[in-house]
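Spelled out, the chains give:
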Amino acid sequence: MHVDELVDSGIPTRVIEVLKDNGITKLYPPQRDAVYEGLLDLKESFVIAVPTASGKTLIAELLMVKSILDRGGKCLYIVPLRALANEKLEEFRKYEKLGIRVAISTGDYDSSDPWLTNYDIIITTSEKADSLLRHRSEWLGMVKVLVADEIHLINDAGRGPTLEVTIAKLRHLNPQLIVLGLSATIKNADEIASWLNAKLIKSEWRPVTLRKGVYFNGEILFDDSSIIEVEPLTNGELFNLALEPVKESGQSLVFVNTRASTERFALDISRISKKFISNSETKALKDIADEALNVLAEPTRICKRLSKCIECGSAFHHAGLAAEQRRIVEEAFKNNLIKVLSATPTLAAGVNLPARRVIIRDYKRYEPSLGQSHIPVLEIHQMCGRAGRPKYDEYGEAILVAKSFDERSFLLDNYILAEPEAIYSKLAMESVLRVHTLATIVTGFANTKQGLIDFFSKTFFSFQQDPWVLEGAIMKSLEFLMRESLLEEKGEYITPTPFGSRTSELYIDPVSAVILRNALFKARDRDTNEISYLQAIAGTPELGKMYLRKKDYDACLEFAYEHENYLLFGIPSEIIDPWNFEEFLSNLKTVMFFKDWIEEVSEEFLLKKYNLGPGDIHNKVELADWLLYSMAEIGKLFKIPKIREVLKLRVRVKHGIKEELLPLITLRGIGRARARRLFARGYRTLGDIRKADVKELSRVEMIGEKLAKSIKSQLEGKEEKVGIERQSRLADF
Ligand SMILES: Nc1ncnc2c1ncn2[C@@H]1O[C@H](COP(=O)(O)OP(=O)(O)OP(=O)(O)O)[C@@H](O)[C@H]1O
Ligand SMILES: [Mg+2]
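Each chain carries its own residue numbering, running from 1 in the written order of its sequence. Chain A is the first chain written and ligand 1 is the first ligand written, with later ones labelled in order. For this predicted model, a pLDDT threshold of at least 70 governs which residues receive local features, and a threshold of 80 or more governs which side-chain atom pairs are given and counted, while totals over whole chains, interfaces and linings are taken from all residues. Side-chain measures here rest on the full set of heavy atoms in the structure, leaving out hydrogens and waters.

All right, on to the overall build of the chain then. Secondary structure counts use DSSP, requiring at least four H or I residues in a row for a helix and at least two E residues in a row for a strand, with both numbered from the N terminus. Scanning the chain from terminus to terminus reveals 31 helices and 19 strands. If you line up the chain on its principal axes, its C-alpha atoms span 70 × 70 × 60 Å. Exposure is judged per residue with a 1.4 Å probe applied to protein chains only, and the accessible area is read against the type maximum: over 50% gives exposed, under 20% gives buried, and values in between give partly exposed. The buried share of the chain, reckoned over its 733 residues, is 57%. Taking contacts inside the chain between residues at least 6 apart in sequence as the whole, the part at least 24 apart equals 70%. Per-residue and other accessible areas were derived by the Shrake-Rupley procedure at a 1.4 Å probe size, with only the shown protein chains allowed to occlude residues. Looking at the chain as shown, the accessible area adds up to about 30,900 Å², and 50% of this sits on carbon and sulfur atoms. Side-chain charges of the chain comprise 102 positive and 105 negative groups, with the mean position of each set lying 4 Å from the other. In what follows, residue pairs with any heavy atoms lying within 4.5 Å of each other are defined as contacts. Think of it this way: Lys and Arg go in the positive column, Asp and Glu in the negative one, and His and the chain ends go nowhere. To locate a charge, take atom NZ for lysine, CZ for arginine, CG for aspartate or CD for glutamate.

Right, dumping it as structure tokens:
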């Protein structure tokens, strides 16, 4: 179907021109089917369950643009990952010339983001959408189209329930809401469609041929039974597989199951990949390598490793990297500068990358409670689907790697030729329902037991499985929430307490809120220091447990004895209470990590001692920052006079600094490393810096003239608001 024909479905020519300007002249068959089935009549919801790379996003774009132009209102586009949100933002920007305003909202969970009222398309994650619902953002009532990208992730135990409940709430809020669920091909897409009362579009069509096969012993056996030999360029079989496309100016993406493996592979292959880069590429890669190295003021081993790989045309990608490094790597891969990229499966969801060949080395991975487990077919297919993307390649290949002849047959039957599994809701776990039960009452979606049951009967879980399972778990959650005074019963009505309301808005687990509240009550009447508050947040489910190695036991216990006077929760008996004892020590490991961090130990040291890379540190710091903020908010609610201590610690944790650096950190452009350099040169207060001139300041290590000038103008109040805001926030210190 030519895009010009979209006029018949009410798409204005100026929209069609935008599509053409972006190289889209014909609709793909699944896109055409959706249009023929009435997608653009704006009367019905749809579920699209089609292969990877088959253009699901464009279906959403057509629907959103039509809805906005015809009847105003907003469209909410929910994605699973922040990185994907950015990719969508770039894609949707093409409609800005039509006056359609596109925004992204992923951060700060304690805000209703009123500024979003001015936007038409809002891209967000399911967690952020959930938090916006809790803040009763007024503009949510104006949402007319909800797109749930990667809706099959309802199956995910960690994040699926939030997606599912968010969809149910938005539908409840606006019964006319049109939902568009974009799904991978799954066995029970019809169930999702029935749940949403939606039309289902299914297809096996893919715009770019994707051949799938298994490699063993020098050859690839493809799903059409053809066999090709892999040229033995080197002695390493995986290298040969990865480099074959590179020889013909293609690129390879290699999925492995651990972060360490991504690094080892990229380093290993860098010795050979460098032979495949041209002179002009060498120069560009050198610049990118420097950029990746200098993302941190003091580069760690991982940064150096990454930079070394990039120089040679290879790279690795995993959650331990800083977000900026991941972005740099993705961009360099998209620009065909990095030839071989090794990654953990986090890169598998929805992104468009120019991988002509995807290689999946591992089909097993370690699961905390199950040990080594087989990766589901659905996920393997998602990884395969990163190969052969329309923008980049004319064909794609996805290859699993077998270590024996038998394994080759196994992989062929159980992955390559297998149908992806059905998906199941994971809502009926008490830990999950606790959170959503509270939020449902707080936001007024229900105010009685029956009301709760009725609300949850609209979820995918109730549609799919026995509702009584859910009822039992809801009642248990209610008991907990009432016992801990987050909710109270008044006759047949259930109402939130101020503590319950604030907990829900703060977007923390009710269990965490209870831990933080109890810690604050304990803190009220005794001497406390940073260890006290760090111990409180370390016990929350959000921060999770740090893995205790044998040698950690003694170190953590020593640490506990040393700081015993400041611990809010005492040392349990190893003999009487072994389970709590272990949990206590594991929490203390988290405390030790944060203590090291705010004592300014280097990231390199943290990497060695705790095996945490810059990305992990960032994640932990972000969570701790949020929990300390929440703790201060709960403290305000209960009028506990220790809030200043908590807030001070919050700033220290945020920046990883000792108390003495608090004044310097208020300056924009000054992080922990630079603040320390200034301090060491005698600039201890803002007053000291005021007295110095630009020349003197720029002589301080890591400062330089540009930053020195910026610091001076911040202090003279000439510059930007940021510095001033930061200062007023921190004026107390
Ligand atoms: N009709 C079309 N003509 C040309 N290119 C198209 C068309 N529709 C989509 N594309 C391009 O195809 C690529 C893949 O599309 P998209 O990202 O929407 O795939 P998807 O179905 O969401 O895949 P995944 O399951 O991997 O998320 C994009 O680069 C997009 O610009
Ligand atoms: Mg997609």
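Okay, the nonpolar core next. Only buried residues count toward a nonpolar core, which is a set of Ala, Val, Leu, Ile, Met, Phe, Trp, Tyr and Cys residues joined through side-chain atoms within 4.5 Å. Core analysis: the largest hydrophobic core is formed by 111 residues, its most contacted members being Leu76, Ile192, Leu196, Phe456, Phe594 and Val653. Ignoring any residue separated from it by four or fewer positions in sequence, one finds Leu196 in contact with Ser45, Val47, Ile151, Ile167, Arg171 and Val179. Residues Met64, Leu285, Ile288 and Ala315 belong to the second largest nonpolar core, which totals 93 residues.

Turning our attention to the sheet that holds strand E5 (residues 143-148). Either a parallel or an antiparallel arrangement is found when strands of a sheet pair, and the pairing is made through backbone hydrogen bonds. With parallel pairing, the seven strands of this open sheet are ordered in space as E3-E4-E2-E5-E6-E1-E7. Whereas interior strands pair on both sides, the edge strands pair on one side only; in this sheet they are strand E3 (102-105) and strand E7 (198-202). Pairs of neighbouring strands in the sheet enclose a mean axial angle of 15°, with direction left out of account. Strands pair, by our definition, only if DSSP identifies at least two bridges between them. Two elements, strand E1 (residues 45-49) and E7, share five bridges in a ladder whose sense is parallel. Across the sheet, the residue bridging to Ile48 is Ile201, located in E7. An axis is simply a line fitted to the C-alpha atoms; with a helix, the fit covers only the stretch in contact. Between two such axes, the angle follows the N-to-C directions and lies from 0 to 180 degrees.

Further remarks concern the pattern of salt bridges. One speaks of a salt bridge when a side-chain nitrogen belonging to Lys or Arg is within 4 Å of a carboxyl oxygen belonging to Asp or Glu. Summed over all chains, the structure comprises 55 salt bridges. Of the charged contacts in the structure, one is a salt bridge between Lys199 and Glu37, with a shortest N-O distance of 3.5 Å. In this pair, Lys199 sits in strand E7 while Glu37 sits in the loop between helix H2 (29-36) and E1, placing the two residues 162 residues apart along the sequence. Given a relative accessible area of 39%, Glu37 falls into the partly exposed group. With its nearest N and O atoms 3.9 Å apart, the salt bridge here joins Glu622 to Arg82. Of this pair, Glu622 sits in helix H25 (residues 614-637) while Arg82 sits in helix H4 (residues 82-92), and the two are 540 residues apart along the sequence. Residue classification places Arg82 among the partly exposed residues on the basis of a relative accessible area of 42%.

A separate point is the environment of Glu87. Tracing the chain through its elements places Glu87 in helix H4. On the basis of relative accessibility, which here comes to 11%, the residue Glu87 falls in the buried class. Residues Glu87 and Val351 lie 264 residues apart in sequence; the distance between their C-alpha atoms is 7.6 Å.

Right, let's get into the packing of helix H5 (residues 126-134) against helix H6 (residues 160-173). It is at 9 Å that the axes of H5 and H6 come closest, and there the two elements cross at 40°. The angle between H5 and H6 places the two elements in the oblique class. Remark: the crossing between H5 and H6 carries left-handed chirality. Residues Ser126, Glu127, Ala129, Asp130 and Leu133 of H5 touch H6, and the partners they reach there are Thr162, Leu163, Thr166, Lys169, Leu170 and Leu173. In this classification, the charged set is Asp, Glu, Lys and Arg, the nonpolar set is Ala, Val, Leu, Ile, Met, Phe, Trp, Tyr, Cys and Pro, and all remaining amino acids, among them Gly, are polar. Grouping the constituent residues of the contact of H5 with H6 by class yields five nonpolar, three polar and three charged. Any angle between 65 and 115 degrees counts as roughly perpendicular, while under 35 counts as roughly parallel, over 145 as roughly antiparallel, and the rest as oblique. Helix crossings get a hand from a simple test, with the near helix turned counterclockwise from the far one by less than a right angle marking a left-handed crossing and a clockwise turn marking a right-handed one.

Scored from 0 to 100, pLDDT reflects the predictor's confidence in each residue. On average, residues of the chain carry a pLDDT of 91, and 97% of them reach 70 or more. Taken as a whole, residues 718-725 scores under 50 in pLDDT and shows 11 contacts with residues more than four places along the chain or in a different chain. Low pLDDT, under 50, characterises residues 727-733; the predicted model gives this stretch 12 contacts beyond four residues in sequence or across chains.

The pairing test for Phe, Tyr and Trp rings, Trp by its six-membered ring, is centres within 6.5 Å, and the orientation test on the planes gives stacked under 30 degrees, edge-to-face over 60, and tilted for anything in between. In this structure the tally under the stated criterion is 15 aromatic pairs. A ring pair is formed by Phe460 and Phe463, whose centres lie 6.4 Å apart and whose planes are at 15°; its orientation type is stacked. Of this pair, Phe460 and Phe463 are both found in helix H17 (residues 460-464), three residues apart, which corresponds to roughly one turn of the helix. Residue Phe460 is classed as buried on the basis of its relative accessible area, which comes to 0%. Centroid distance Trp626 to Tyr629: 5.1 Å. Interplanar angle 35°. Geometry classified as tilted. Here Trp626 pairs with Tyr629, and both are found in helix H25, just three residues apart, close to one helical turn. As far as the burial class goes, Trp626 and Tyr629 line up, both buried. Ring pairing ties together the aromatic residues Trp195, Phe460 and Phe463, which thus form one cluster. In this analysis the charged atom, NZ for Lys or CZ for Arg, is taken to sit over a ring once it is within 6 Å of the ring centre and within 35 degrees of the ring normal. The ring of Phe222 has Arg211 sitting right over it, with the charged end atom 3.9 Å from the ring centre. Positioned over the ring face of Phe480 is Arg434, at 5.5 Å from the centre of the ring.

So, on to helix H20 (residues 510-524). Take the residue count of a helix, subtract one, and multiply by 1.5 Å to get its expected span. Taking 1.5 Å per residue as the helical rise, H20 with its 15 residues ought to reach 21 Å, and the 21 Å between its terminal C-alpha atoms agrees with that figure. Burial runs high along H20: 11 of the 15 residues are buried. By the burial criterion, the buried members of H20 are Pro510, Val511, Ser512, Ala513, Val514, Ile515, Leu516, Arg517, Ala519, Leu520 and Ala523. Identification of polar contacts relies on pairs of N or O atoms within 3.5 Å, with a donor-acceptor requirement for protein atoms, meaning one able to donate a hydrogen and the other able to accept it, and with residues adjacent in sequence counted only if both atoms are side-chain atoms. The N-cap of H20, judged by a side-chain oxygen 2.8 Å from the amide nitrogen of Val511 a few residues on, is Asp509.

Here Ala53, not a glycine, exhibits a phi torsion of approximately 65°, which is positive. Looking at where Ala53 falls in the secondary structure, it is placed in the loop between E1 and helix H3 (56-71). Residue classification places Ala53 among the buried positions, given a relative accessible area of 8%. Positive phi values are uncommon outside glycine, yet Tyr507 reaches one of about 60°. Relative to the elements of secondary structure, Tyr507 occurs in the loop between helix H19 (498-506) and H20. Note on Tyr507: relative accessible area 15%, which makes it buried.

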